Amino acid sequence: TYIASFHSIPAGLPLTFAIAVHNIPEGLAVAMPVFHSTGDRATAIFWASLSGMAEPFGALVAFLFVNPQSSASTFGAMFAISAGMMSYVCLSELLPAAYREFPSSSLVTKSFFAGCVVM
């Protein structure tokens, strides 16, 4: 988000919205298993909050590498790296896990494409 906004506010605003929407299920995905395994809300909130700190840390790292003299190639490479990492996690981890949970259901496929539409 930092790099997109630094490069172009019109590019950064929709990305900021998409990440904000994404943070809701991400926080739940961290907090729910922790809460169910420990029964402690404070522990669940702690770990969900800690996992959310990855984004500000990433912004700090980007701040160290991006400056007004950065080329379009630098921005393109950073966007491509981010897209590749997200795609890899989704396709190699999340989607197979969803199909293991509901192997004979078209719900997984429909939900995958619904998520694409939302984003």
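On a predicted model such as this, the values are computed, not experimentally measured, just so you know.

1. Side note on the overall build of the chain
Then step 1. The secondary structure content of the chain amounts to six helices and zero strands.
Then step 2. Seen in sequence order, the chain has helices and strands lined up from the N terminus as α-α-α-α-α-α.
Then step 3. Here the C-alpha radius of gyration of the chain, 17 Å, is well above what a compact globule of 119 residues would show, namely 14 Å.
Then step 4. Relative to its full complement of 119 residues, the chain shows a buried share of 12%.
Then step 5. The long-range fraction of contacts in the chain, counting pairs at least 24 apart against all pairs at least 6 apart in sequence, stands at 42%.
Then step 6. When the accessible surface of the chain is summed, it comes to about 8,700 Å², and 75% of that surface belongs to carbon and sulfur atoms.

2. Some words on helix α2 (residues 9–38)
Then step 1. Under the 1.5 Å per step criterion, the end-to-end length of α2 is 42 Å for 30 residues, consistent within 8% with the ideal 44 Å.
Then step 2. When we look at burial in α2, the residues that qualify are Gly12, Ala18, Gly27, Ala31 and Val34.
Then step 3. In the stretch just after α2, Gly39 is the one whose phi turns positive, near 75 degrees.

3. What to know about a nonpolar patch on the surface
Then step 1. A grouping of Phe57, Leu60, Val61, Phe63, Leu64 and Phe65 is seen on the molecular surface, where their side chains present a nonpolar patch of about 670 Å² in accessible area.
Then step 2. Turning to its location among the elements, Leu60 is positioned in helix α4 (residues 54–65).

4. Concerning the packing of helix α3 (residues 41–52) against α4
Then step 1. Look at α3 against α4: their axes get within 4 Å of each other, and the N-to-C directions meet at 20 degrees. As judged from the angle between their axes, α3 and α4 are roughly parallel. For the pair α3 and α4, the contacting residues are Leu50, Ser51 and Gly52 in the first and Ala54, Glu55 and Pro56 in the second.
Then step 2. Tallied by class, residues from the contact of α3 with α4 come to three nonpolar, two polar and one charged.

Reading guide: rules and limits
- Residues numbered from 1 in each chain as written.
- Predicted model: local features only at pLDDT ≥ 70, side-chain atom pairs only at ≥ 80, totals over all residues.
- Heavy atoms only, no water.
- Helix = DSSP H or I, 4+ residues; strand = E, 2+ residues; numbered from the N terminus.
- Rg over C-alpha atoms; globule rule 2.2 N^0.38 Å.
- Buried < 20%, exposed > 50% of the residue type's maximum accessible area, 1.4 Å probe, protein only.
- Contact = heavy atoms within 4.5 Å.
- Areas by Shrake-Rupley, 256 points an atom, 1.4 Å probe, with all protein chains shown as cover.
- Expected span 1.5 Å × (residues − 1).
- Patch = residues over 30% accessible without salt bridge, like charges linked within 9 Å, V, L, I, M, F, W, Y side chains within 5 Å.
- Salt bridge = Lys/Arg side-chain N within 4 Å of Asp/Glu carboxyl O.
- Axes fitted to C-alpha atoms, helices over the stretch in contact; angles between N-to-C directions.
- Parallel < 35°, antiparallel > 145°, perpendicular 65-115°, else oblique.
- Nonpolar A, V, L, I, M, F, W, Y, C, P; charged D, E, K, R; others polar.

Read these as spatial facts, not as claims about activity.
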